[in-house]
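These are the residues of each chain, in order.
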Amino acid sequence: MAAIYQAAYRRVSSLICRLHSTYVRKMRYLNELKEDDSLCRQAQTSGTFYLFHNLSPFLQKVGEKYFVPQLSAAEIKRILEKFKETEQWIEMSVLIGCSDEHVPRFALDLGALEKSVIESELKGSFTNLQKALFVVDGKDSPLLASAQSLLQWHNSHQYCNKTGQPTQRNVSGSKRVCHASGITYYPQMSPVIITLVSDGSRCLLARQPSFPQGMYSALSGFCDMGENVEEAVHREVAEEVGLEVESLWYSSSQHWPFPSSCLMIACHAIVRAQQAEISMNKLELEEARWFGLEEIVEGLKREPRSSKQDDGSFLPWFPPKQAIAHQLICEWVKQQTSQLA
Ligand SMILES: NC(=O)c1ccc[n+]([C@@H]2O[C@H](COP(=O)([O-])OP(=O)(O)OC[C@H]3O[C@@H](n4cnc5c(N)ncnc54)[C@H](O)[C@@H]3O)[C@@H](O)[C@H]2O)c1
Ligand SMILES: [Mg+2]
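Residues numbered from 1 in each chain as written. Chains lettered and ligands numbered in written order. Predicted model: local features only at pLDDT ≥ 70, side-chain atom pairs only at ≥ 80, totals over all residues. Heavy atoms only, no water.

The protein is annotated in an unreviewed UniProt entry as NAD(+) diphosphatase from Amazona collaria. In its Cofactor (unreviewed entry) section, the UniProt record describing the protein reads: "Mg(2+)". (UniProt positions renumbered as here; feature names shortened; annotations may be inferred.)

The following block contains the structure:
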């Protein structure tokens, strides 16, 4: 009897498994790789690798386009042999995802090896992440950003905060453990709110002193300990431009690798048109002002290069489409245009 039940259970389980979508199977496989060291070690032999050098990703240029090559384990071994290094280096890679066909993807930083040798061997170049994110295909930039953030987190968490002893990573790189204290460290992100404030017919954009000339963006700020998203939006708007938010709603979120792993939580906020006088915090901002719809539409078309005028001043331009600030601005334009229609 028990055998019949077991056979029926197996049939139902395998049916459920087949019914699972490609996405669900992929996520379950990735989770197994994170948890199971021997499975992940085996996966490294059949996976593909994104290369980094001191946290700069490796890109190849074909014509005017930049690509992020995925190298096989065999190609990595060939490079390592050039340096008379062993394949043990592969163990320093971190798991960053997998294809729909369950080919795992890893990121590996070869920062200790001579950069120019790798570049000429693989015919490409290690490119600063800030530049790389804006020149690669849109689907590759989130992958590069999260890979770099994870590599950076490992670099800065080599030792236990409590004992000062070295921490040991698991094979996938999803955590580090201090065996002396038993503390497990997981990769961290800092929550940051980014808010496009509107008074109903205009939107508020600001400049930090570190921004490139002419660029304006939505207000942003790190969440304080214990704060929720709504409280952070209210506080940041009050702190930076002296306005009181009346209502707000969530738009979307984005992982942002600068300065190190932020979770950008994007919202729209409304302030009363009668109480919209800006009182800017000069310690944080260089300029903050209201923009009408026409000026925003013009600014969205403007390239950073074409923003400089003959008298040396700069016309406003906005963050590129890879930044969530861009998305907030486009949503606001859509909202305003639909109201006018
Ligand atoms: N992707 C986008 O569209 C977009 C747009 C704007 C800003 N951002 C990012 O948002 C982040 C925060 O924006 P901000 O500079 O306006 O923040 P902010 O207004 O909170 O000011 C930054 C200051 O906050 C303090 N701070 C508090 N907690 C911090 C933490 N965990 N890490 C670092 N500093 C902390 C520091 O003193 C720092 O100088 C920046 O890293 C920026 O790159 C992204
Ligand atoms: Mg700020």
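Still more to cover.
Trainee: Before we move on, can you summarise the UniProt feature "domain: Nudix hydrolase" (unreviewed entry) in the protein with the specific residues and values?
Mentor: When the UniProt feature table is mapped onto this chain numbering, "domain: Nudix hydrolase" (unreviewed entry) sits at residues 187–313. Between the end C-alpha atoms of residues 187–313 there is a gap of 43 Å, over a span that is 17% helix and 33% strand. (Helix = DSSP H or I, 4+ residues; strand = E, 2+ residues; numbered from the N terminus.)

Trainee: I'd like a description of helix α9 (residues 293–301), backed by residues and values.
Mentor: Of the residues making up α9, those classed as buried are L293, I296 and G299. Buried positions in α9, seen along its axis, are confined to an arc of 125 degrees and lie on one side of it. Among the exposed residues of α9, those oriented more than 90 degrees off its buried face are E294 and K301. Among the structural elements, β12 (203–207), β16 (287–291) and α10 (324–340) are those in contact with the buried residues of α9. (Buried < 20%, exposed > 50% of the residue type's maximum accessible area, 1.4 Å probe, protein only. Arc of directions from axis to C-beta. Contact = heavy atoms within 4.5 Å.)

Trainee: Run through the pairing of strand β14 (residues 247–256), naming residues and quoting values.
Mentor: Bridge count between β14 and strand β15 (residues 262–270): 9 bridges; the pairing is antiparallel. In the sheet register, W249 faces β15, and the bridge partner there is H268. Hairpin remark: β14 followed by β15, antiparallel, with 5 residues in the connecting loop; positive phi at S261, about 40 degrees. (Pairing = 2+ DSSP bridges.)

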